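Analysis of the macromolecular model
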Amino acid sequence: MSTAMSYQSIYSFVSQQSSTISQSSRQPLLLPTKCLKIDSSLCYYTSRRKRNLSKIETISSQISVSYNTTLLSPSKNIIPDNSQKKSNEAALILIRHGESLWNAKNLFTGCVDVPLTEKGVEEAIEAGKISNIPIDVIFTSSLIRAQMTAVLAMIQHRRKKVPIILHNESDQAKSWSQVFSEETKDQSVPVIPAWQLNERMYGELQGLNKQETAERYGKQQVHEWRRSYDIPPPKGESLEMCAERAVAYFEENIEPKLAAGKNVMIAAHGNSLRSIIMSLDKLTCKEVISLELSTGIPLLYIFKDGKFMKRGSPVGPTKAGVYAYTKRLAQYRQKLDESSEVICS
Amino acid sequence: MATVVSHHLISSIASPHSPSNSKASLFPKEPFNLPIKFRQNRFKIEATTASQTPVLDPLLSPSKTTPHKKKSNEASLILIRHGESLWNEKNLFTGCVDVPLTEKGVAEAIQAGKRISTIPVDLIFTSSLIRAQMTAMLAMTQHRCKKVPIILHDENEKAQTWSHVFSEETRKQSIPVVAAWQLNERMYGELQGLNKEETAERYGTQQVHEWRRSYHIPPPKGESLEMCAERAVAYFEDNIQPELALGNNVLIAAHGNSLRSIIMYLDKLTSQEVTSLELSTGLPLLYIFKDRKFMRRGSPVGPTEAGVYAYTKRLAQYRQKLDESLN
């Protein structure tokens, strides 16, 4: 069990690294051992036991061989039998961040790193109603409004695990952020920032208001940029381009986690989340253009047998409602209710 | 359009009155070493225009100052230590592990913001850890100037390009936020993630006490306070002090040890004095930088608190302007 688990994390971490470096490719990559050595600390987040570096190195030589097997059959149980705690089902929660300071001013934001308003902060805390759904790993964009949304939502979580943002921008950042207590690691939820989950880059419209933009470019042109699937604003991304990098990231880094039974939360932006939903729900380009994702309201999917099932928005703990939890989620909630000292799931 | 893009940044860094301005369009290495990568990169793009355009300060004060004049010979420096983090609550050594704020920490940040809501801020520096960044962002939601903090991204070219702003007016209403690892908390090495009990068991009570209270003894694979001070103060001198010298008002949101180190430099404390210096969380500390000296002004009172607080004339005028223009 432990070898396969660290395999997953190595694979997903390194492919994340590689996609940052090479900015492309879903091709299997030979993993340089150097990468893995540095990465050993990350493995701690997904496994209970201490890893030996030698174990990791053995695995690394097998990874390029078995890479395709994992990708192609996520539903196959690649984990040996002694992993009783694993599940063939995983929860995926999507949260779009709330109001930002430029939303309030009606400015095109894109990838400018603008923070939340007070209202946006409240929306994030409200989104913490996901507190009854297990979360093992969090993905966010590299923009603070999404990161703040994720950590503010987690303040409400009943499990009381601590989100910790992973730093891999440099060797120093990695070694400086290392955690040295096994028990503490067990009580942590890794948060992985990724630029691929950023909002659609709006090019020369970033910082402009709607009026300015209409004056500069003409109303019809602006409407086209905002509503089309494949026409980018000047020096910006089309929705199609945004979808390409967001969905690729999802498939390479997030889906394997779900396949391994990890419950995932993604805190991101309107366009990057729409792109992912397009992939999960198999929407057409036309359908995705008219898809509007509410801010601050979490959307739940269940990943099972390689398929994504949309489950709508979980009700808050104080709200009356009929919400069809899966049996597994209902059991999880029950455990939380029964014990104040929560057992690790 | 694009040529004017980083104009205000240029002007804020290289005013005509700066002694090193003789090479107008290049960042001189001495005496103000301003090697912030992102500025150099932007500056490279704009270099041809910088030498020709007059120096304007659209960003820097609520009322337009006369061009070609340094804004002011006085600048405010606000220091805020972030509030409670999730590991503070659990009594774990945090160091450079990127742990976020608790609800209480969020409230502390907002409260701090209320206290500085009438003190001008032109530029914000934080560490690379989210608890400091959130503290800055949350505090600024309370600021009366209503300018928008924007975190600058210079980790690579793509990040720089992607975060570009294309409206002059919008830029004027923005406050750049610079994230720097040099302002991070002291790196606690192998103690990170341990609780006090665990640590005492593993290393012995006396040893732990020594690490926590000494100036130059680092925990295993960690930093001593001295090492932390070295990189924090160097960063301050190289990147923050020059801004103050140009009259830019600065807010620093950071951590206990990085801020102590800076205070040690500002107040010229000895290493013994600094080890016993405790900085309250969430309580902003104000300094006035004038004539190359730092004058400690204590902690500004909140707007609803009664208190006698001796603002400088410049700060009183700023506050008055805010009161007058109720937008």
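Each chain has its residues counted from 1, running along the sequence as written. Ligands are numbered from 1 and chains lettered from A, in the order in which they are written. This being a predicted model, a pLDDT of at least 70 is required before a residue's local features are given, and a value of 80 or more before pairs of side-chain atoms are given or counted; all residues contribute to the totals for chains, interfaces and linings. Working from all heavy atoms in the structure, the side-chain values ignore hydrogens and water.

The line we're drawing: UniProt positions are given in the numbering used here, feature names are shortened, and annotations may be inferred rather than shown by experiment.
Naming follows an unreviewed UniProt entry, where chain B appears as phosphoglycerate mutase (2,3-diphosphoglycerate-dependent) of Brassica campestris. Recorded in UniProt under Sequence similarities (unreviewed entry), the annotation for chain B is "Belongs to the phosphoglycerate mutase family. BPG-dependent PGAM subfamily."

In the annotation of an unreviewed UniProt entry, the entry for chain A reads phosphoglycerate mutase (2,3-diphosphoglycerate-dependent), and the organism field reads Brassica campestris. Entered under Sequence similarities (unreviewed entry) in the UniProt record, the comment concerning chain A runs "Belongs to the phosphoglycerate mutase family. BPG-dependent PGAM subfamily."

1. Thoughts on the interface of chain B and chain A
Basically, it comes down to this: The criterion used for residue contact is that any of the two residues' heavy atoms lie within 4.5 Å. Defined in terms of a 1.4 Å probe, buried area is the accessible area two parts forfeit on being brought together, summed over both. The working definition used for a salt bridge is a side-chain nitrogen of Lys or Arg within 4 Å of a carboxyl oxygen of Asp or Glu. Secondary structure counts use DSSP, requiring at least four H or I residues in a row for a helix and at least two E residues in a row for a strand, with both numbered from the N terminus. Charged means Asp, Glu, Lys or Arg here, nonpolar means Ala, Val, Leu, Ile, Met, Phe, Trp, Tyr, Cys or Pro, and polar covers whatever is left, Gly included.
Of the residues lining the interface, 49 residues belong to chain B; the matching set on chain A comes to 49 residues. Counting the surface lost from both chain B and chain A, the interface buries some 4,000 Å², and carbon and sulfur atoms represent 67% of this. On the surface where chain B and chain A come into contact, there are 0 salt bridges. Every element with two or more residues in the side of chain B that touches chain A is listed here: α3 (86–90), α4 (103–115), α5 (130–140), β3 (148–151), α6 (157–162) and α8 (196–203) of chain B. Counting residues per element, the side of chain B that touches chain A draws most heavily on α5 of chain B, which supplies 5 residues. Of the residues that constitute the side of chain B that touches chain A, the class distribution is 24 nonpolar, 15 polar and 10 charged.

2. Re the UniProt feature "site: Transition state stabilizer" (unreviewed entry) in chain B
Residues and elements named next belong to chain B. Applied cut-off: Distance and chemistry together define a polar contact, namely a pair of N or O atoms within 3.5 Å, with one atom able to donate a hydrogen and the other to accept it when in protein, and with adjacent residues in sequence counting only for side-chain atoms on both sides.
Per the UniProt annotation, the sites labelled "site: Transition state stabilizer" (unreviewed entry) are His255. Within the secondary structure, His255 sits in the loop between β5 (250–254) and α11 (256–267). Residues in contact with His255, not counting those within four places in the same chain, are Arg81, His82, Ser127, Leu129, Arg131, Ala132, Leu183, Asn184 and Glu185. Only 3.3 Å separates the side chain of His255 from the side chain of His82, close enough to count as a polar contact.

3. As for the pairing of strand β1 (residues 89–96) of chain A
Residues and elements named next belong to chain A. Let me state the cut-off plainly: Burial here depends on accessible area, computed with a 1.4 Å probe over protein chains only, as a share of the maximum for the residue type. Under 20% is buried, over 50% is exposed, and the range in between is partly exposed. At least two bridges found by DSSP between two strands are what make those strands a pair.
Along β1, 7 of the 8 residues are buried, which leaves the element largely enclosed by surrounding structure. Where β1 and strand β6 (residues 299–304) come together, 6 bridges link them in antiparallel fashion. Looking across to β6, one finds that Glu89 is bridged to Lys304. Pairing analysis gives 5 bridges linking β1 to strand β5 (residues 264–268), with the strands arranged parallel. Of the residues in β5, the one forming a bridge with Leu92 is Val264.

4. A few points about the packing of aromatic side chains
Cut-off, in case you're wondering: Put simply, two rings from Phe, Tyr or Trp (the six-membered ring, in Trp's case) pair if the centres are within 6.5 Å, and we call them stacked under 30 degrees between planes, edge-to-face over 60, tilted for the rest.
The tally for this structure, following the rule as stated, stands at 14 aromatic pairs over all chains. Aromatic side chains Phe108 of chain A and Tyr202 of chain A sit 5.3 Å apart centroid to centroid with 20 degrees between the ring planes, which places their arrangement in the stacked category. With Phe108 of chain A in the loop between α4 (101–104) and α5 (118–126) and Tyr202 of chain A in the loop between β4 (188–193) and α9 (210–217), the pair connects residues that are 94 residues apart, well separated along the chain. By relative accessible area, which is 10% here, Tyr202 of chain A ends up buried. Their ring planes at 85 degrees and their centres at 5.6 Å tell us that Trp195 of chain A and Trp162 of chain B sit as a pair that is edge-to-face.

5. Section: the sheet that holds β4 of chain A
Residues and elements named next belong to chain A. Short version of the rule: Where helices are involved, their axes are fitted lines through C-alpha atoms of the stretch in contact, as for all axes, and angles between N-to-C directions lie from 0 to 180°.
On the basis of which strands lie adjacent, the open sheet formed by 7 strands has the order β3-β4-β2-β5-β1-β6-β7 and mixed pairing. At either end of the open sheet lies a strand with only one pairing partner, and these are β3 (162–165) and β7 (307–310). For this sheet, the mean angle separating the axes of adjacent strands, direction not counted, is 25 degrees. Relative to β1, helix α12 (residues 270–281) is tilted by about 145 degrees, and along the sheet it contacts β1, β5, β6 and β7.

6. Considerations on the UniProt feature "active site" (unreviewed entry) in chain B
Residues and elements named next belong to chain B. Taking the numbering used here, the UniProt-annotated feature "active site" (unreviewed entry) corresponds to His82 and Glu185. For the residues just named, distributed over 104 residues, the greatest C-alpha separation is only 10.6 Å, placing them together at one site. You can see His82 is positioned in the loop between β1 (74–81) and α3. Residue classification places His82 among the buried residues on the basis of a relative accessible area of 7%. Sequence-distant contacts of His82, that is, excluding residues within four places in its chain, are made with Asn88, Leu101, Arg131, Ala132, Thr135, Ala254, His255, Thr281 and Gly282. Only 3.2 Å separates the side chain of His82 from the side chain of Arg131, close enough to count as a polar contact.

7. Here we look at the packing of α5 of chain A against helix α6 (residues 144–155) of chain A
All names here are of chain A. This is how the line gets drawn: Angle categories: roughly parallel below 35 degrees, roughly antiparallel above 145, roughly perpendicular from 65 to 115, and oblique for all the rest. The crossing is said to be left-handed when, going from far helix to near helix, the turn is anticlockwise and less than a right angle, and right-handed when the turn is clockwise.
Packing of α5 against α6 brings their axes to within 7 Å, and their N-to-C directions diverge by 45 degrees. One element, α5, and the other, α6, form an angle in the oblique class. In terms of crossing hand, the pair formed by α5 and α6 is right-handed. Listed contacts from α6 to Val121, Ala124 and Ile125 of α5 are Met148, Thr149, Leu152 and Ala153. For the contact of α5 with α6, the class distribution of residues is 6 nonpolar, 1 polar and no charged.

8. A word on the environment of Gly296 of chain A
All names here are of chain A. Here Gly296 shows up in the loop between α13 (285–289) and β6. Note on Gly296: relative accessible area 5%, which makes it buried. Residues Gly296 and Leu94, 202 residues apart in the sequence, show an inter-C-alpha distance of 9.5 Å. Each residue touching Gly296, except ones within four places of it in the same chain, is listed here: Ile95, Arg96, His97, Glu123 and Ala127.

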